[in-house]
Amino acid sequence: MQRDTEPQAKNSVTLESLVGAMLLSAAFLVYGAYGLYQNDLLLPTRVGIQHLQNIDAIAFYAVVLIAVPTNAIKLREWMKHGDGNSNAFETADFYSKLSVYTYIVFLIFDVFS
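Rules used in this analysis
Residues numbered from 1 in each chain as written. Predicted model: local features only at pLDDT ≥ 70, side-chain atom pairs only at ≥ 80, totals over all residues. Heavy atoms only, no water. Helix = DSSP H or I, 4+ residues; strand = E, 2+ residues; numbered from the N terminus. Buried < 20%, exposed > 50% of the residue type's maximum accessible area, 1.4 Å probe, protein only. Core = buried A, V, L, I, M, F, W, Y, C linked by side-chain atoms within 4.5 Å.

1. Concerning unusual backbone geometry
With phi around 60°, asparagine 39 is a residue other than glycine that occupies positive phi space. Here asparagine 39 is to be found in the loop between helix 1 (15-38) and strand 1 (41-45). For asparagine 39, a relative accessible area of 34% puts it in the partly exposed group. With a phi close to 55°, asparagine 54 is a non-glycine residue in the positive phi region. As for its position among the elements, asparagine 54 is in the loop between strand 2 (48-52) and helix 2 (55-81).

2. Details of the nonpolar core
Residues Leu41, Leu43, Leu52, Ala57, Ala59, Phe60, Val63, Val64, Val68 and Tyr103 constitute the largest nonpolar core, which totals ten residues. Taken together, the elements giving at least two residues each to this core come down to strand 1 and helix 2. In terms of residue count, the dominant contributor to this core is helix 2 (six residues).

Here it is in structure tokens:
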């Protein structure tokens, strides 16, 4: 019997784009740490620059600390398997989404308090 096996498609992400994403993530972490040190995390938006201070800056940076490594894991797993069907990808995706949703709930409580 002959088995039907199709060759796996090679994904289009290059090593240069992976390294670029990791360097950008590292720069964002350093920028956020400097903003915490100065107690003024500046975020450019369409309406101007937002200044996050005290607990708002800490909460935002906590989301960044969770989201950046989990997104790096997701990218690594995607490059390894060519899709998002691995356990590590799903776990990293869960924690990345959880951190963003937790920050949204924090903002809602912060606005109404």
